[in-house]
Structure formats: structure tokens, C-alpha cells
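Read off the chains here:
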Amino acid sequence: MHTDTRPNVAEMELDELERALEAAGSQRFHARQVFRWVHRRGVTDFSRMTDLSRELRAHLDATFRIDLPHIVRLDRSVDGTTKFLLRLADGKQIESVCIPETFAGSESADAGRLTFRISTQVGCAMRCGFCLTGKMGIDRNLTAGEIAGQVLVLARELRALGVRFNIVLMGMGEPLHNYDATMKALRILADEQGLAVSPRRVTLSTVGVLPALERLATEPLMPNLAISLHATTEEQRDALVPINRKYGLKELLDASRRFPLRRRARITFEYVMLKDVNDTPADARRLVALLDGIQG
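Residues numbered from 1 in each chain as written. Predicted model: local features only at pLDDT ≥ 70, side-chain atom pairs only at ≥ 80, totals over all residues. Heavy atoms only, no water.

**Focus: the overall build of the protein chain**
Using the following cut-off: Strands here mean DSSP runs of E at least two residues long; helices mean DSSP runs of H or I at least four residues long; both are numbered from the N terminus. Radius of gyration: C-alpha atoms only; globule rule: 2.2 Å multiplied by the number of residues to the exponent 0.38. With a 1.4 Å probe rolled over the protein chains alone, any residue whose accessible area is under 20% of its type maximum counts as buried; one over 50% counts as exposed, and the rest are partly exposed. Only heavy atoms enter the contact rule, under which two residues are in contact if any of them lie within 4.5 Å. Positive charges come from Lys and Arg, negative ones from Asp and Glu, while His and the chain ends are left out of the count. The atoms used to mark charge sites are NZ of Lys, CZ of Arg, CG of Asp and CD of Glu.
Scanning the protein chain from terminus to terminus reveals 10 helices and 10 strands. The C-alpha radius of gyration computed for the protein chain amounts to 21 Å, which stays within 12% of the reference 19 Å derived for 296 residues, consistent with globular compactness. For the protein chain, the spread of C-alpha atoms along the principal axes amounts to about 70 × 45 × 40 Å. When the 296 residues of the protein chain are sorted by exposure, 49% land in the buried category. Sequence-distant contacts in the protein chain: of pairs separated by 6 or more residues, those separated by 24 or more amount to 60%. Of the side-chain charges in the protein chain, 42 are positive and 38 negative, and the distance between the mean point of each set is 2 Å.

Below you can see the structure in the form of C-alpha cells.
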């Protein structure tokens, strides 16, 4: 059981950290230094923040804490994909994955690109019929610091701090079911004082929680969008993706057509093919018709 009641710096956007330091008797400008140490370098020990005075470091350590997820286990496959089992401060566990993509014909270290697949919840409430996480049910939402912290931990472990990488919100959980924490995490990750991850390098995958999807369409910070479709009829999707009984396929596709996209951007549609369920020629023809007119 986690009992440390000090505020967690890893949970704070820069303006929050400025206010917190000022309220604790420190100067606001020190927040930028602390934010850079945590969110650019992955440092979790105030004593290592060497551009701060020794007295300030001791004061910060007495007043605040820095909690990031802890690596319990990592497993690497032959293709370089690395799965991380992470423990949170309350003992709950989640998974994150790093997927490498190496461009053929190049031996440069920059020829590869990393994609971090990040979780937004402990478990998931969507109960999709083909998803093991859905069978767990929902335990709790992750905080913004736990979502952004996964990226920091993976980048630090893989020596990718300072390297450009992609992020896919496609791990455990439904990002739009944990809307506020997810968007706060993306703002933390995008901050120029931290990792400065462009929203163009972030993809949010959703089964289609329509009120949250419509809210996402108004955000100033706009990630790429991926819609988990998986079916071509209402009945079929009701069975595979139960939230379809509340927000139907037609409503989801109408919302996708209205969704504002950056120039040259597209919506990705995800479709898991299940033998003798949604893989017939008729499904293929319906899929083409359903997506007609959508910039995907």
C-alpha cells in the first residue's frame, strides 16, 4: 500500500509545477529545471539535479516525490520487440511494449524507429470479444503521470531519451474512457521543456466512445486517430465490440467523417480478422462501402 502523501512531480504539467513550487516557498523558475530533469532525462532523485542548490534539493526532497512506474520484468522477442511489465506505486501492474522498425538496407543507428505502445487503464471496461485485457474487466484508470511515465521508463531503459519515437495509445485500456488523464499525459509529453513529443507522432486508438471522440475533435493538441472497427454490420459489431450497442457503427462512422484532420492526415481503421466471423468476401465489400468518403 502506497502511503507517501507528498505531491508527485511526475503528475504535474509545467504550470502546475510552477504553482506548487511557489506555494512551497521556492521560485517559479526552478520548475523548468525540475521539469527538464524529470520529463526530459527521466531522473527521479532530487539529489541528482545538479543545477539546483544543495539546500533547494533537500527542500524539494522533503516536500515532493517523483514516482514513475517500476520495471518488474521485460521480455524481448527475436525481432527486437520488448514487452515491459510495470508496477505502479499502489502495486498494480500494467504492460507497455516497444516495437522496433528497421529500414532495410541501412546500417545507421538512425535507420531504426521505435514505437511505444502505452496503456491508459489497469484492465479495460470495453469487453471486446477477442481481447484478453477486456476479459479482465476494469480495475482503475491510470493517472496522467502513470501514462506519461511509461514513455519515460521505456525511453530511459532503451537509451532512447533524446531520440525521436512514436507513441501509440493502444495498450491496456480504452484511452477515451480515461479522457482527462490521457490528454493531460499527452500535454506533458508534448511540452518543449520535456520530451517534446509532437502530436503527429502520437496515435490514439479507440473503439469509439462517441462523446469523448467528439470532445477530442475540439482539442488544440490533436493526436492521430485510429478507430478499432472489427465488423461491418451492427449485429456483428454488437457481438465483438459491446460498446456498439450504445454507440452504433453508423454513428461512429458519421463522427469519423466529421472529425477534423490536419493537412495530409488520415484516420486509421483497425480490423482484426477472425476466421469465419468477419473475414468473408461480403465483409470486404461492406467494409469498402462503409469507409467510402472517409479520409482513411
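**Remarks on the confidence of the model for the protein chain**
Applicable threshold: What pLDDT reports is the predictor's confidence in each residue, on a scale of 0 through 100.
Across the protein chain, pLDDT averages 92, with 95% of residues at or above 70. Contacts from residues 103–111, a stretch scored under 50 in pLDDT, to residues over four places away or in other chains number six contacts.

**What to know about the packing of helix α1 (residues 14–23) against helix α2 (residues 30–39)**
Rule in force here: Note on geometry: axes are lines fitted to C-alpha atoms, helical ones only across the stretch in contact, with angles between N-to-C directions running from 0 to 180 degrees. An angle below 35 degrees is treated as roughly parallel, one above 145 as roughly antiparallel, one from 65 to 115 as roughly perpendicular, and anything else as oblique. It is the rotation of the near helix from the far one that decides the hand of a crossing: anticlockwise by less than a right angle makes it left-handed, clockwise makes it right-handed. Amino acid classes used here: Ala, Val, Leu, Ile, Met, Phe, Trp, Tyr, Cys and Pro are nonpolar; Asp, Glu, Lys and Arg are charged; the rest, including Gly, are polar.
Two elements in contact, α1 and α2, have axes whose closest approach is 9 Å; the angle formed by their N-to-C orientations is 125°. When the interaxial angle is binned, α1 and α2 end up oblique. α2 is crossed by α1, and the crossing has right-handed handedness. Touching L14, L17, E18 and L21 of α1 are H30, A31, R32, V34 and F35, all from α2. Counted by class, the contact of α1 with α2 contains six nonpolar, one polar and two charged residues.

**Notes on the environment of L85**
Counting through the fold element by element, L85 comes out in strand β2 (residues 82–87). Remark: the alpha-carbon pair of L85 and V72, spanning 13 residues in sequence, is separated by 5.5 Å. If sequence neighbours within four positions are ignored, L85 has contacts with H70, I71, V72, R73, Q93, I94 and E95.

**Re unusual backbone geometry**
Both trends apply: most residues other than glycine have a negative phi, and most peptide bonds are in trans. The backbone phi angle of R159 is positive, close to 55°, even though this residue is not glycine. Its place among the elements puts R159 in the loop between α5 (144–157) and β7 (165–169). For R159, a relative accessible area of 75% gives the class exposed. Phi is positive for H230, which is not a glycine, with a value near 70°.

**A few points about the nonpolar core**
Generally speaking, nonpolar side chains in soluble globular proteins are found buried as a group. Convention followed: Within this scheme, the nonpolar core is defined by two criteria: the residues are buried Ala, Val, Leu, Ile, Met, Phe, Trp, Tyr or Cys, and they are joined through side-chain atoms within 4.5 Å.
V34, F116, I167, L213 and L216 are the most contacted members of the largest nonpolar core, which has 83 residues in total. Not counting residues up to four positions away in its chain, the partners in contact with I167 are F116, I118, V151, L189, V197, R201, V202 and T203.

**Some points on the side chain of N8**
Stated formally: Pairing of N or O atoms within 3.5 Å defines a polar contact, subject to two protein rules: one partner must be a possible hydrogen donor and the other a possible acceptor, and residues neighboring in sequence count only if both atoms are side-chain atoms.
Tracing the chain through its elements places N8 in the segment before α1. Separated by 3.1 Å, the side chain of N8 and the backbone nitrogen of A10 make a polar contact. With near-sequence residues (within four places) excluded, N8 lies in contact with R65, I66 and D67.

**Side note on the pattern of salt bridges**
Put simply, the rule reads: Each reported salt bridge corresponds to a side-chain nitrogen of Lys or Arg within 4 Å of a carboxyl oxygen of Asp or Glu.
Here the structure, examined in full by the defined rule, presents 17 salt bridges. Close ionic contact of D61 with R6 constitutes a salt bridge, the shortest N to O distance being 4.0 Å. Taken together, the residues span a long stretch of sequence, with D61 in helix α3 (residues 54–63) and R6 in the segment before α1 at a distance of 55 residues. By relative accessible area, R6 is classed as partly exposed at 27%. With a shortest N-O distance of 2.3 Å, D67 and R65 are connected by a salt bridge. The partly exposed category is assigned to D67, whose relative accessible area is 22%. Note on R65: relative accessible area 15%, which makes it buried. A cluster of three or more residues bridged by salt bridges with shared partners is formed by D4, R6 and D61.

**Things to note about the side chain of S96**
The residue S96 is located in strand β3 (residues 93–102) in this model. Side chain to side chain, S96 and Q150 meet in a polar contact 2.6 Å long. Ignoring any residue separated from it by four or fewer positions in sequence, one finds S96 in contact with T82, K83, F84, L86, R117, I118, Q150 and L154.

**Quick word on helix α9 (residues 249–258)**
Selection criterion: The directions considered for the arc run from the helix axis to the C-beta atoms.
Residues of α9 that are buried include every one of L249, L252, L253, A255 and S256, and no others. Projected onto a plane normal to the axis of α9, the buried residues spread over an arc of 155° and lie on a single side. Residues of α9 that are exposed and point more than 90 degrees away from the buried face comprise K250 and R258.

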